[in-house]
Structures are given as structure tokens and as C-alpha cells.
Amino acid sequence: MKKDLRRDTLLVRAGLMRSPHQETSEAMYLNSGYVYDSAEDAASAFAGEADRYVYSRYGNPTVTMFQDRLAALEGAEACLATGTGMAAVFAALASQLNAGDRVVASRALFGACYAILKDILPRWGVITEFVDGTDLGAWERALATPAKVVFFESPSNPMLDIVDIRAVSEMAHAAGATVMIDNVFATPMSQHPLQLGADVVIYSATKHIDGQGRVMGGAVLASEEFISERMLKFYRQTGPTITPFNAWVMLKSLETLGLRVDRQASNAARLANWLEGHGIVSNVRYPGLASHPQHDLAMRQMENGGTLLAFTLHGDQATAFSVLNSLQLIDISNNLGDSKTLACHPASTTHSSVDASDRDEMNIGAASIRLSVGLEDVDDLIDDLAQALEQTMR
Ligand SMILES: *Cc1c(COP(=O)(O)O)cnc(C)c1O
């Protein structure tokens, strides 16, 4: 394929590998195994002498098409797709870390990422120091000591904190660390961490990449050296691979990712502006709003404000629950990135396993609501929120 194709073309065409049947749409190869013409062929495949598929835990043509399309979009040399976003996070970390290694991470993380670093990896002697990701001084102090991995999200889930990717990557590299970023909230359409100095980009493809609430998946994108020398053996032997069916759904979803994220982001910007003017709302967090504490940084490293926002109400948990329970169109769900607008109460759901004191440090209030903005007509979304806020104020 032509090398310098533009992004919207890559979303539809990159990675396409037609079979001899010349199908238009990408084929779904639902097979676990492969056959060999001879015992010698099998032996040479296992000796790594032949470039071919041997078993779908290792690789599958549909999975390859998804990986190649996503890598082209991200501008990454290589990609490994996984069964879930958390499998991607865990494989990227566990394939690098040895007992005694040190990780520095921002505290504002998705609950499961936080649990891996806080509770699971310490069982193997890997210790994480958590910092306020928005505070460059805190990164500088933590990275005065050598570290193996630096891990963060930007924007973070759920309060949309922004980490300065370029500045933190420079400090991390000076400390000897590999920089891994969970880019789920920004999506590959809005933020390009590899161009800003990060080494590894991780996605939950379950979110915007599928974006229609159907299947789970994840991906790790990095240099060819990182993927093949540092991660491939772990990936092949421990089995976090994605099923070919889910990879096919993701591959086809990438075709519309740009259209969906554009519309979802413009809907989110409209909603954020509208919410900011509402009397019962004490605070709106949306990177595209001038009132966001890191608005300028966000606009330097993102192409738009994203598809998610968080708002905090004057009141308590009962106030937030009343708003959620009064919604008639928007669904209550902890998923995100979907074409349907979804609202959740992070303190009692996605972040309920985080210690209350850490939750406070992440600014997740009892009256905070996270909104993942979908593809509906934005005026219907405003009408629904307006009536729910109205009910609650009564
Ligand atoms: C959902 C999510 C994950 C985990 O992805 P799964 O596909 O649910 O395993 C990781 N990071 C962030 C920021 C997420 O929102």
C-alpha cells in the first residue's frame, strides 16, 4: 500500500489483506489452528524459519489486519492486540518488570490499572510510587531515583486530569524508564503520544474503537524492538490474545472511528458548555473548556477536548443519584466511548475499590458524575440532562 496515505484513508484501508477470493470486506478467519504440507514444514515453522501462522494464540490473519490498521493509525511500528484493555495493560507491564523494579505512576488511574500497580505487582516485588500526575515537580522528585517504567493516563479516568506527555517522557527517559501511556480517553484520533515522546501506547479497544457496546479488546503499540524483543514471548506463552471474531468487529469499527469521535467530541463540548452555566452544577471538568485547570496543555497535546466530561453537583451522593435516576434517555452505565450517552457515579462504581483518601486526592467527589457522550442529537441530550437536574433541584 502507498506509504503516505492520510488518516481517514488508513482507517478504512490499512492492514487489508485479501484472500485469493478477493472479498471486498476483510475476512473473518475463525480458526484456532493451521495445517502443514509436511512434517518438515511444521518443524521449520516452529524453528522460526518460515514466516507463517502456527496457532491463533500466537497470531491469526484477522487479528493481524486489526493490529496493522491500528499501528498505521497510531504511527507505531508494531501492535499486539489483546482480549481486553486490562490484558493489554497487564501484559505490557508484566513482560517488562522484574522483582525489585520500581514503577512511577500518576495516581489518577482507571481503577483496575491502579489495582495492578497497587496490589498485584507488589506480590512479585515490584513497587510503584504514585504521584499527582499534573504536578511536574512531583514527577521530578520521584524520577530523581531510577525507575523501570513510568505509567499514566491522560486525560485520566474519571476527572480528566492532563499529564504533560512531553515533559514527563523526558524526565522518565533520563531516569532510565520506559514510558507507557493509557490513551483510552483521548483515542487515537485526538492524541499521538509516540510523537510526544512516549514509548508504549495502550488501548482498551472495548471503548471508542468498538464504540458500540459489543465486544471487548485491547492493544499495545510500540516500536518493533519493544514488541518483538520485549513483549512477544510473554504474549505468546501467557495467552492474552484477542479472539478473531472480536478483532474483526474492531477492524470494521475502525472504519467509522474518525466520524464517531468527531461527532462525540463536538457533542461533549456543547454539553460541557451548557452544564457549566447550570445553577446546581458546582464544577465541570472538560479539557476543551477554558475553565479546565490544564486547558492550554490539553489543547497543545490533543486535537479536541475528547468525548468524556465529569461534573460535580452542589450536594452529596444522594444528589448525584437523584440526577442519574431522573435520566430518561441517557443510560446509567460504567462503560464509555459508546455511541449511546452513558452516565455513571465513579465513587460508588468504577472507583469504589480505590481508598477513600486516594479518591479525594483524585478529586472524585461524592456528588461527581462522569458522562461519556454519544452520537445522539445533542439537543435531546441537553433536554434530558435539563429535566434530570430540574427534578433534583425540586
Ligand atoms: C476501560 C478502561 C481500561 C480497561 O479496559 P477493558 O477493555 O475494560 O479491560 C483501561 N484503562 C482505561 C482508561 C479504561 O477506561
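Given the structure is predicted, the values throughout are model-derived calculations rather than measurements.

### Some points on the domain arrangement of the protein
- Along its sequence, the protein is carved into domain 1 (7–254) and domain 2 (258–393).
- When each unit is reduced to the centre of its C-alpha atoms, the spacing between domain 1 and domain 2 is 27 Å.
- Between domain 1 and domain 2, roughly 3,100 Å² of surface is buried when both sides are summed, and carbon and sulfur atoms account for 55% of that area.
- When the area that domain 1 buries against domain 2 is broken down by residue, the three leading residues are M159, I162 and H208, summing to 22%.
- Inspection of the domain 1/domain 2 interface yields 4 salt bridges.
- The residue E303 makes a salt bridge to R7 at a minimum N-O spacing of 3.0 Å.
- Connecting domain 1 to domain 2 are 22 residue pairs in polar contact (both at pLDDT 80 or more).
- Among the secondary structure elements, those contributing two or more residues to the side of domain 1 that touches domain 2 are α1 (7–13), α5 (111–120), α8 (187–190) and α9 (206–210).
- Looking at the side of domain 1 that touches domain 2 element by element, the count peaks at 4 residues for α9.
- In the side of domain 1 that touches domain 2, the residues fall into 18 nonpolar, 13 polar and 7 charged.

### Some thoughts on the sheet that holds strand β7 (residues 218–222)
- Taken in spatial order, the 7 strands line up as β1-β7-β6-β5-β4-β2-β3 in an open sheet, and their pairing is mixed. Looking at strand neighbours, the two that pair on one side only are β1 (78–82) and β3 (127–131), the edges of this open sheet. Sheet twist, expressed as the mean angle between neighbouring strand axes with direction ignored, is 20°.
- As paired strands, strand β2 (residues 102–106) and strand β4 (residues 149–153) are joined by 3 bridges and run parallel to one another. Looking across to β4, one finds that A105 is bridged to F151.
- Strands in contact with helix α4 (residues 85–94) are β1, β4, β5 (178–182), β6 (200–204) and β7; relative to β6, the strand with the most contacts, it is inclined by about 155°.

### So, the site of the ligand
- Around the ligand, 14 residues are found, and the nearest of them are M86, D182, S204, T206 and K207.
- The contact in question runs from an oxygen atom of the ligand to an N or O atom on the side chain of T206, over 2.7 Å.
- Protein contacts shield 93% of the accessible area of the ligand, which totals 380 Å² for the unbound molecule.
- Of all the elements in the fold, those that place two or more residues in the shell around the ligand are α4 and α9.

### Points about the packing of aromatic side chains
- According to the stated counting rule, one finds 3 aromatic pairs in the structure shown.
- Centroid distance Y114 to F130: 5.1 Å. Interplanar angle 40°. Geometry classified as tilted. Of the two residues, Y114 is situated in helix α5 and F130 in strand β3; the sequence distance between them amounts to 16 residues.
- When its relative accessible area of 16% is taken as the criterion, F130 is described as buried.
- For the pair W139 and F152, a centre-to-centre distance of 5.8 Å together with 70° between the ring planes defines the contact as edge-to-face. A residue pair is termed long-range when its members are at least 10 positions apart, and W139 in helix α6 (residues 136–142) and F152 in strand β4 qualify at 13 residues. Both residues of the pair, W139 and F152, count as buried.

Quick notes on the rules
- Residues numbered from 1 in each chain as written.
- Predicted model: local features only at pLDDT ≥ 70, side-chain atom pairs only at ≥ 80, totals over all residues.
- Heavy atoms only, no water.
- Domains from an automatic or database assignment.
- Buried area = accessible area lost by both parts, 1.4 Å probe.
- Salt bridge = Lys/Arg side-chain N within 4 Å of Asp/Glu carboxyl O.
- Polar contact = N/O pair within 3.5 Å; in protein donor to acceptor, adjacent residues only side chain to side chain.
- Helix = DSSP H or I, 4+ residues; strand = E, 2+ residues; numbered from the N terminus.
- Nonpolar A, V, L, I, M, F, W, Y, C, P; charged D, E, K, R; others polar.
- Pairing = 2+ DSSP bridges.
- Axes fitted to C-alpha atoms, helices over the stretch in contact; angles between N-to-C directions.
- Contact = heavy atoms within 4.5 Å.
- Near = heavy atom within 4 Å.
- Areas by Shrake-Rupley, 256 points an atom, 1.4 Å probe, with all protein chains shown as cover.
- Phe/Tyr/Trp six-rings, centres within 6.5 Å; stacked < 30°, edge-to-face > 60°.
- Buried < 20%, exposed > 50% of the residue type's maximum accessible area, 1.4 Å probe, protein only.

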